[in-house]
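Fold and geometry: a report
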Amino acid sequence: PLSDGLHQYVVLFGSQTGNAEAVAGQIRDKIAGVGVAASLVNMSDYEKIDVSLERVVVAVVSTTGQGDPPDGAAKFFRHIKKRANSATMLQGWRYGVLALGDTNYDQFCKPGKVLDKRFAELGAKRLVTGPENVAGEYGGPSGAA
């Protein structure tokens, strides 16, 4: 573990009904399966993460209501969206976002899109990029996740 007690690989999740948490647990287990220790962290516990440390972060987040983050992740979203945050706050992070949602809603996967955009704005580097502005579930950065 690093100085904050967490591993370099972090699977961060925000879940309303448990689906995102279950998927995040599976991702953590897959990472561990290749011999790499990873921490599973609920977005409600975001204050435990020392954002100045180099990390590989996979964020898994569900969508509730009309494109809202899960209740337990709302505080994390407010924190990450603060205008006062430095443009280099997450410069040590490489990240990926997996957004869960229902395509029947207009704000399909909005929390994931918000995280993807904001992590990049704060200096984090995407692990994977894909086509941008592609409709439906095949979008890339800031597109449908």
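It should be noted that the structure appears before, not after, this text.
Every value quoted in this text rests on a predicted model; they were computed, and no experiment measured them.

With that settled, the discussion passes to the side chain of Arg-118. Within the fold, Arg-118 resides in helix H3 (residues 110-121). Among the polar contacts listed, one links the side chain of Arg-118 to the side chain of Glu-121, at a separation of 3.0 Å. Excluding residues within four positions of it along the chain, Arg-118 makes contact with Ile-80, Lys-81, Lys-82, Arg-83 and Asn-85.

Another aspect to go through is the environment of Lys-48. In this fold, Lys-48 is placed in the loop between strand E2 (38-42) and strand E3 (55-62). Between the C-alpha atoms of Lys-48 and Gly-5, which are 43 residues apart in sequence, the distance is 8.5 Å. Once residues within four sequence positions are removed from consideration, Lys-48 is found in contact with Asp-4 and Leu-6.

Okay, the pattern of salt bridges next. Within the structure shown, the criterion is met by 5 salt bridges. Note that Asp-4 and Arg-55 form a salt bridge whose closest N and O atoms lie 2.1 Å from each other. One end of the pair, Asp-4, is in the segment before strand E1 (9-14); the other, Arg-55, is in strand E3, with 51 residues separating them in the sequence. Here Arg-126 makes a salt bridge to Asp-116, at a shortest N to O gap of 2.9 Å. Linking Arg-126 in strand E5 (residues 125-126) with Asp-116 in helix H3, this pair joins segments that are 10 residues apart in sequence.

Next up on the list: the pairing of E2. Bridge analysis of E1 against E2 gives 5 bridges, and the strand direction is parallel. Each bridged residue has a counterpart across the sheet, and for Phe-13 the counterpart in E2 is Asn-42.

With that settled, the discussion passes to the packing of aromatic side chains. Taken as a whole, this structure holds 5 aromatic pairs when the rule is applied. Seen from their ring centres, Phe-76 and Phe-119 are 6.5 Å apart, and the 80 degrees between their planes marks the pair as edge-to-face. Of this pair, Phe-76 sits in helix H2 (residues 74-80) while Phe-119 sits in helix H3, and the two are 43 residues apart along the sequence. Through pairs of rings, three or more aromatic residues link up here, namely Tyr-46, Phe-76, Phe-77, Trp-93, Tyr-95 and Phe-119.

What follows covers helix H1 (residues 19-33). Between its terminal C-alpha atoms H1 stretches 21 Å, which fits the 21 Å expected from 15 residues at 1.5 Å a residue. For H1, the complete set of buried residues consists of Ala-20, Ala-24, Gly-25 and Ile-31. Looking straight down H1, one finds that the buried residues subtend no more than 140 degrees of arc, so they occupy a single side. Along H1, the residues that are exposed and aim more than 90 degrees away from the buried face are Asn-19, Gln-26, Lys-30 and Gly-33.

The subject of this paragraph is the nonpolar core. The biggest cluster of nonpolar side chains holds 22 residues, and the ones touching the most others in it are Leu-12, Met-43, Phe-76, Ile-80, Leu-90, Leu-115 and Phe-119. Within the residue set of this core, elements represented by two or more residues are E1, E3, H2, strand E4 (93-100) and H3. Not counting the four nearest positions on each side in its chain, Leu-115 is found in contact with Met-43, Ala-59, Val-61, Phe-76, Phe-77, Ile-80 and Val-97. In this structure, Val-11, Ala-20, Ala-24 and Ile-31 belong to the second largest nonpolar core, which totals 8 residues.

Cut-offs and rules
- Residues numbered from 1 in each chain as written.
- Predicted model: local features only at pLDDT ≥ 70, side-chain atom pairs only at ≥ 80, totals over all residues.
- Heavy atoms only, no water.
- Helix = DSSP H or I, 4+ residues; strand = E, 2+ residues; numbered from the N terminus.
- Polar contact = N/O pair within 3.5 Å; in protein donor to acceptor, adjacent residues only side chain to side chain.
- Contact = heavy atoms within 4.5 Å.
- Salt bridge = Lys/Arg side-chain N within 4 Å of Asp/Glu carboxyl O.
- Pairing = 2+ DSSP bridges.
- Phe/Tyr/Trp six-rings, centres within 6.5 Å; stacked < 30°, edge-to-face > 60°.
- Expected span 1.5 Å × (residues − 1).
- Buried < 20%, exposed > 50% of the residue type's maximum accessible area, 1.4 Å probe, protein only.
- Arc of directions from axis to C-beta.
- Core = buried A, V, L, I, M, F, W, Y, C linked by side-chain atoms within 4.5 Å.

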